[in-house]
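Descriptive structure summary
Each chain, written out:
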Amino acid sequence: MNIPANLKYTKDHEWVLIDGDTATVGITDFAQKELGDIVYVEVETLDQTLDKDEVFGTVEAVKTVSDLFLPLSGEIIEFNDALERTPESVNADPYGDGWMIKLKIADASQIDELLDSEAYKTLIGA
């Protein structure tokens, strides 16, 4: 299982890449394996400011639909439009081409509440 050490994680299986005051967000390798084949990613919150843990979108797999939870408060400034054409990128490359949103971080202190790779491995029993 791929759990990059340079990322932060949530208990809801999102990953976060911090770059200054911007965060890139997607779902983890563990989450995409649990969901199965991803067929659709929906994010209707572009240009909205949401609080941490609010639903920012959904991911649809063959047998289920799961909510996506915002790991940090902030404004959603970009959606990975390529996922509209190739949602399977989430399965093939969850930490690369399968990223979902970029967000302008409103409260940097929340970063400290995210899990590091070791804590996430413990959470999922890896």
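Residues numbered from 1 in each chain as written. Predicted model: local features only at pLDDT ≥ 70, side-chain atom pairs only at ≥ 80, totals over all residues. Heavy atoms only, no water.

1. Focus on the side chain of S73
Our working rule: Going along the chain from the N terminus, every DSSP run of H or I of four or more residues is numbered as a helix, and every run of E of two or more is numbered as a strand. Relative accessibility decides the category of a residue: with a 1.4 Å probe and only protein chains considered, values under 20% of the type maximum give buried, values over 50% give exposed, and everything between is partly exposed.
Structurally, S73 can be placed in the loop between β7 (65–69) and β8 (74–79). Taking relative accessible area as the criterion, S73 reaches 10% and is therefore assigned buried.

2. Side note on the sheet that holds strand β3 (residues 22–27)
Test applied: Note on pairing: two strands pair once DSSP finds at least 2 bridges between them.
Pairing in this open sheet of six strands is antiparallel, and the strands run β1-β2-β3-β9-β8-β5 from one edge to the other. Each having just a single partner strand, β1 (8–9) and β5 (49–50) make up the two edges of the open sheet. Where β3 and strand β9 (residues 101–105) come together, four bridges link them in antiparallel fashion. Among the inter-strand pairings, V25 is bridged to a residue of β9, identified as I101.

3. A word on the pairing of β9
The alternating pattern of β9 places I101, L103 and I105 on a buried face and K102 and K104 on a face that is not buried. In terms of strand pairing, β8 meets β9 through five bridges, oriented antiparallel. Bridged to E78 within β9 is K102.

4. Focus on helix α4 (residues 117–124)
Stated formally: The directions from the helix axis to the C-beta atoms are what the arc is built from. Contacts are assigned to residue pairs with any non-hydrogen atoms lying within 4.5 Å of each other. For the purposes of these results, a polar contact is taken to be a pair of N or O atoms within 3.5 Å, where, inside protein, one atom must be able to donate a hydrogen and its partner to accept one; residues adjacent in sequence count only when each atom of the pair is a side-chain atom.
Taken together, the buried positions of α4 are occupied by S117, Y120 and I124. Projected onto a plane normal to the axis of α4, the buried residues spread over an arc of 60 degrees and lie on a single side. On the buried face of α4, the contacting elements are β1 and α1 (29–35). N-cap assignment for α4: the residue whose side-chain oxygen lies 3.2 Å from the backbone N of E118 is D116. Where α4 terminates, the next one or two residues include G125, which has phi positive at roughly 75 degrees.

5. So, the pattern of salt bridges
What counts is decided by this rule: Each reported salt bridge corresponds to a side-chain nitrogen of Lys or Arg within 4 Å of a carboxyl oxygen of Asp or Glu.
Tallied over the entire structure, the rule returns five salt bridges. The salt bridge involving K33 is made with D29; its shortest N-O contact spans 3.2 Å. Of the two residues, K33 and D29 both sit in helix α1, four residues apart, roughly one turn of that helix. Given a relative accessible area of 7%, D29 falls into the buried group.

6. Examining the nonpolar core
Convention followed: What makes a nonpolar core is a set of buried Ala, Val, Leu, Ile, Met, Phe, Trp, Tyr and Cys residues whose side-chain atoms join them at distances within 4.5 Å.
Judged by nonpolar contacts, the single largest core of 26 residues is most densely connected at I27, V41, F56, L72, M100 and I101. Listing elements by their share of this core, those giving two or more residues are β3, α1, β4 (38–42), β6 (55–61), β8 and β9. Apart from residues lying up to four places away in sequence, V41 is in contact with T58, V59, F79, L83, P87, V90 and M100. Residues F30, Y95, W99 and Y120 belong to the second largest nonpolar core, which totals nine residues.

7. Things to note about the packing of aromatic side chains
Each aromatic ring pair is summarised here by two numbers: the centre-to-centre distance and the angle between the ring planes. Where we set the bar: When two rings of Phe, Tyr or Trp (its six-membered ring) have centres within 6.5 Å they constitute a pair, described as stacked for plane angles under 30 degrees, edge-to-face for angles over 60, and tilted for the intermediate range.
In total, this model carries two aromatic pairs according to the counting rule given. For the pair Y9 and Y120, a centre-to-centre distance of 4.8 Å together with 15 degrees between the ring planes defines the contact as stacked. Here Y9, found in strand β1, pairs with Y120, found in helix α4; they are 111 residues apart in sequence, far enough to count as distant. A relative accessible area of 0% means that Y9 is categorised as buried. An angle of 55 degrees between the planes, with centres 5.9 Å apart, marks the rings of W15 and Y95 as tilted.

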